[in-house]
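What the coordinates show
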Amino acid sequence: MATTTLPAPVREYKRPFVLLFAALMLAMFLASLSQMVLSSALPTIVGELNGVEHLAWVSAGYLLAATIVMPIYGKLSDVFGRKPLLVIAIGLFLAGSVVGALAGDMNWLIAGRAIQGLGGGGLMILSQASIADVVPARERGKYMGLLGAVFAVSSVAGPLLGGWFTEGPGWRWAFWMNLPIGILALVAVIAYLNIPVKKVARGRTDVLGMITMSAATTGIVLLVTWGGTMYAWDSPEIVSLITGTLVALILFLVVESKASEPIIPLALFKDRNFNLSTIASALTAVAMFGAIGYMPTYFQLALGESAINAGLLMIPMMAALLIVSIGTGVIISKTGKYKSLPIYGTIILAGGLALLGTVTLDTEIFVIGIYMALIGIGLGASMQILTLIVQNSFPNAIVGTATAANNYFRQVGGTVGTAVVGSLFVSRLGTLLAEKLPEGGGAGTELNSFTPDIIIHLPQAVRLSVTQAFNEALIPVFTWMVPLAIVAILVLSFVKAKPLSTTVEDDIMIEALAEGQLIINEDDK
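Residues numbered from 1 in each chain as written. Predicted model: local features only at pLDDT ≥ 70, side-chain atom pairs only at ≥ 80, totals over all residues. Heavy atoms only, no water.

**Let's talk about the overall build of the chain**
Using the following cut-off: Each helix is a run of H or I in the DSSP string that is no shorter than four residues. Each strand is a run of E no shorter than two, and both are numbered from the N terminus. The criterion used for residue contact is that any of the two residues' heavy atoms lie within 4.5 Å.
Counting its secondary structure elements, the chain contains 22 helices and 0 strands. Of the contacts formed within the chain by residues at least 6 apart in sequence, a portion of 84% connects residues at least 24 apart.

**A short note on the confidence of the model for the chain**
Stated precisely, the cut-off is as follows: Known as pLDDT, the predictor's per-residue confidence is scaled from 0 to 100.
With 82% of its residues at a pLDDT of 70 or more, the chain shows a mean pLDDT of 78. The secondary structure element of the chain with the lowest average pLDDT is helix 22 (residues 507-514), at 39, and the one with the highest is helix 15 (residues 340-356), at 92. Counted against residues more than four places away or in other chains, residues 1-15, with its pLDDT under 50, gives 26 contacts. In the predicted structure, residues 440-445 sits below a pLDDT of 50 and forms 9 contacts with residues beyond four places in sequence or in another chain.

**A short note on the nonpolar core**
Note on soluble globular proteins: their nonpolar side chains tend to be buried together. We apply this condition: Grouping buried Ala, Val, Leu, Ile, Met, Phe, Trp, Tyr and Cys residues that are joined through side-chain atoms within 4.5 Å yields what is termed a nonpolar core. Summary of the burial criterion: residues with accessible area below 20% of their type's maximum are buried, those above 50% are exposed, and those between are partly exposed, where the area comes from a 1.4 Å probe applied to protein chains only.
Of all hydrophobic cores here, the largest spans 81 residues; its most connected members are Leu86, Leu109, Leu123, Met213 and Ile264. Judged by nonpolar contacts, the second largest core, of 48 residues, contains Phe299, Ile455, Val462 and Ala469.

**A word on a nonpolar patch on the surface**
Definition in use: Like-charged residues are merged into a patch within 9 Å and nonpolar side chains (Val, Leu, Ile, Met, Phe, Trp, Tyr) within 5 Å, provided each residue has over 30% relative accessible area and no salt bridge. What sets the accessible areas is the Shrake-Rupley method with a 1.4 Å probe; for residues, cover comes only from the shown protein chains. Salt bridges are identified by distance alone: a Lys or Arg side-chain nitrogen within 4 Å of an Asp or Glu carboxyl oxygen.
A cluster of nonpolar side chains, contributed by Trp233, Ile242, Leu246 and Leu249, occupies part of the molecular surface with about 360 Å² of accessible area. Tracing the chain through its elements places tryptophan 233 in the loop between helix 9 (207-226) and helix 10 (236-258). When its relative accessible area of 48% is taken as the criterion, tryptophan 233 is described as partly exposed.

**With respect to the packing of helix 14 (residues 315-335) against helix 17 (residues 383-391)**
Worth spelling out the cut-off: In this analysis, axes come from line fits to C-alpha atoms, helices being fitted only over the stretch in contact, and the angle between any two N-to-C directions falls in the range 0 to 180 degrees. Residue classes follow a fixed rule: Ala, Val, Leu, Ile, Met, Phe, Trp, Tyr, Cys and Pro count as nonpolar, while Asp, Glu, Lys and Arg count as charged, and any other residue, Gly among them, counts as polar.
Packing of helix 14 against helix 17 leaves a shortest axis separation of 9 Å and a crossing angle of 35°. Counted together, Leu321, Ser325, Thr328 and Ile332 of helix 14 and Met383, Gln384, Ile385 and Leu388 of helix 17 form the full contact between these two elements. For the contact of helix 14 with helix 17, the per-class residue count stands at 5 nonpolar, 3 polar and no charged.

**Some remarks on the side chain of aspartate 271**
Note the cut-off: Within 3.5 Å is the distance limit for a polar contact, defined as a pair of N or O atoms, with the added protein rule that one can donate a hydrogen and the other accept it, and that residues adjacent in sequence qualify only through two side-chain atoms.
Tracing the backbone through its elements, the reader meets aspartate 271 in the loop between helix 10 and helix 11 (272-291). When its relative accessible area of 12% is taken as the criterion, aspartate 271 is described as buried. Within the structure, the side chain of aspartate 271 is placed 3.1 Å from the backbone nitrogen of asparagine 273, a separation counted as a polar contact. A distance of 2.8 Å separates a polar side-chain atom of aspartate 271 from the backbone nitrogen of phenylalanine 274.

**So, the packing of aromatic side chains**
To keep it simple, the criterion reads: Note on aromatic contacts: the rings of Phe and Tyr and the six-membered ring of Trp form a pair at centre separations within 6.5 Å, being stacked when their planes are under 30 degrees apart, edge-to-face when over 60 apart, and tilted otherwise.
Applying the stated criterion across every chain yields a total of 6 aromatic pairs. Both rings, one in phenylalanine 269 and one in phenylalanine 409, keep their centres 6.0 Å apart while their planes meet at 80°; by these two values the pair is edge-to-face. With phenylalanine 269 in the loop between helix 10 and helix 11 and phenylalanine 409 in helix 18 (residues 399-436), the pair connects residues that are 140 residues apart, well separated along the chain. Assessed through its relative accessible area of 33%, phenylalanine 269 is described here as partly exposed. Among the aromatic residues, ring-to-ring pairing joins Phe269, Phe274, Tyr408 and Phe409 into one connected group.

**Concerning the environment of phenylalanine 29**
Structurally, the position occupied by phenylalanine 29 is in helix 1 (residues 17-36). Residues phenylalanine 29 and methionine 124, 95 residues apart in the sequence, show an inter-C-alpha distance of 8.9 Å. Residues in contact with phenylalanine 29, not counting those within four places in the same chain, are Val150, Ser154 and Ile181.

**Thoughts on helix 20 (residues 460-474)**
Spelled out, the test is: One less than the residue count of a helix, multiplied by 1.5 Å, gives the span that helix is expected to have.
Taking 1.5 Å as the rise per residue, helix 20 with 15 residues should run 21 Å; its terminal C-alpha atoms sit 21 Å apart, in good agreement. The complete set of buried residues in helix 20 reads Val462, Ser465, Val466, Thr467, Ala469, Phe470, Asn471, Ala473 and Leu474.

**Brief notes about the environment of serine 465**
With respect to the helices, strands and loops of the structure, serine 465 is situated in helix 20. Look at serine 465 and you get buried, because its relative accessible area is 12%. For the pair serine 465 and lysine 436, spaced 29 residues apart in the sequence, the C-alpha separation amounts to 5.5 Å.

**Focus: the environment of valine 37**
Mapped onto the secondary structure, valine 37 falls in the loop between helix 1 and helix 2 (42-48). For the pair valine 37 and glycine 162, spaced 125 residues apart in sequence, the C-alpha to C-alpha distance is 5.0 Å. In this structure valine 37 touches Gly158, Pro159, Leu161, Gly162, Ala174 and Met177, once residues within four positions along its chain are discounted.

**Some remarks on helix 16 (residues 365-380)**
Look at helix 16: 22 Å from first C-alpha to last across 16 residues, which is about the 22 Å you get at 1.5 Å a residue. All of the buried residues along helix 16 are Val367, Ile368, Gly369, Tyr371, Met372, Ala373, Ile375, Gly376, Gly378, Leu379 and Gly380.

**With respect to the packing of helix 17 against helix 18**
The cut-off we apply is this: Orientation is classified from the angle alone, with under 35 degrees giving roughly parallel, over 145 giving roughly antiparallel, 65 to 115 giving roughly perpendicular, and any other angle giving oblique. If you view the pair so one helix is near and one far, a crossing is left-handed when the near helix is turned anticlockwise from the far one by less than a right angle, and right-handed when it is turned clockwise.
Relative to each other, helix 17 and helix 18 sit at 140°, their axes nearing to 9 Å. In terms of their interaxial angle, helix 17 and helix 18 are classed as oblique. Pair helix 17 / helix 18 crosses with right-handed handedness. Contact residues: Met383, Leu386, Thr387, Val390 and Gln391 in helix 17; Val399, Ala402, Thr403, Asn406, Asn407 and Arg410 in helix 18.

**Some details on the side chain of threonine 363**
Considering the arrangement of structural elements, one finds threonine 363 in the loop between helix 15 and helix 16. A polar side-chain atom of threonine 363 sits 2.9 Å from the main-chain amide nitrogen of threonine 360. Those residues within four positions of threonine 363 in sequence are excluded, and the remaining contacts are Thr358 and Ile368.

Shown next as structure tokens:
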């Protein structure tokens, strides 16, 4: 059968595409680096600031703020263009870095991380959406793979830098280092990001949607953080929080159904691939952010590794993620086929999580590295592809909104996962320490003041009890993540393999395909 092909529009830019892509990669690097740079420094930070009970909020505060603003950045960038929103995002990120660097207690540290998140959420979304503005879906796989590689590199560099700063000039430099990188990214974006702003009708800004969405998201995170730990599930505080969250969710749905320019258009949920990819993204993010984010802490507090070594031990996972992310992107660009890749990737992810859940204090380091490499392979074969599937399902004019919505739910999964794992870890750790520590365990064994250095210098009997408690508090969490990966596998099996568009402006073609007006050659699928 004949294939209908639409001519590709001619696009001209003030700067070469390679410089534009470099600017976007730098913005992505800045955001992804911040998610991991404190992972190896956290044990020392919370020990110095006497706040182990707030450990989960150092990560969850960033993720919560980033999650809330993602749909806002996506929608506003579809209307006003990517460039001004990226400049604002970088500015907020740098401001949060300064607050974090100057923090004198855990409250200020968490506040700095939250401000960083307000910018970091925009950096992640706008980098991906800008690529969709200039690269057709068929070719986008390799570029999305490169963005995934940036995430992998920064995820290795983050713990390494965090460990080096902790053992050298001090952990506060994990914040100060963002300033030169951020300024460079800002200059690059201003100079090279010159994507023409689309001519779209501008309705009223969906302020009520932003407010109700933020309230609902915050309520969900507080529920999973406080429920069963700080407050009993049937306590007045939790019951009130559940009620308030449900009200916010209902109001959000009502507001979005009536808004002229909704932050998250409900029409997105009419697309099967959007729904399935978004569910799988959220479930995968729970495993990634919720469990893997605590491995550098585990290496230091349970296995006695230095902060730098804890960063090095993340290399197997991230190297695998980098190689597979780039490789799958190239495969998609050459073949146009993508459906099976995230399914196989999630199967491998489930296997890696199950194996990591068997780790004990006697497990060899290289064996743990193999398990983590399997997790990296699984994530590399799924994360960026799920975003590509979503982008290929909608016209280019709303690709920012669609990308942001997908990433929003992914971040909700990651934020919930981080909060739940952190709360369970701290709660289980407190219980296990109380059970395992001998009577009169000695000074320095209080939960809030543990640092790697303190643990190393504990009496042998006490140290063994503490490290066993850390192992038993965290490692079972990986096994609990396996059912989530299995559900993601089942969900992905129902994704419909739509042809990848071959031009940037394929709005007409996509709409025609949806209506069955075009016949695509079977070889193109």
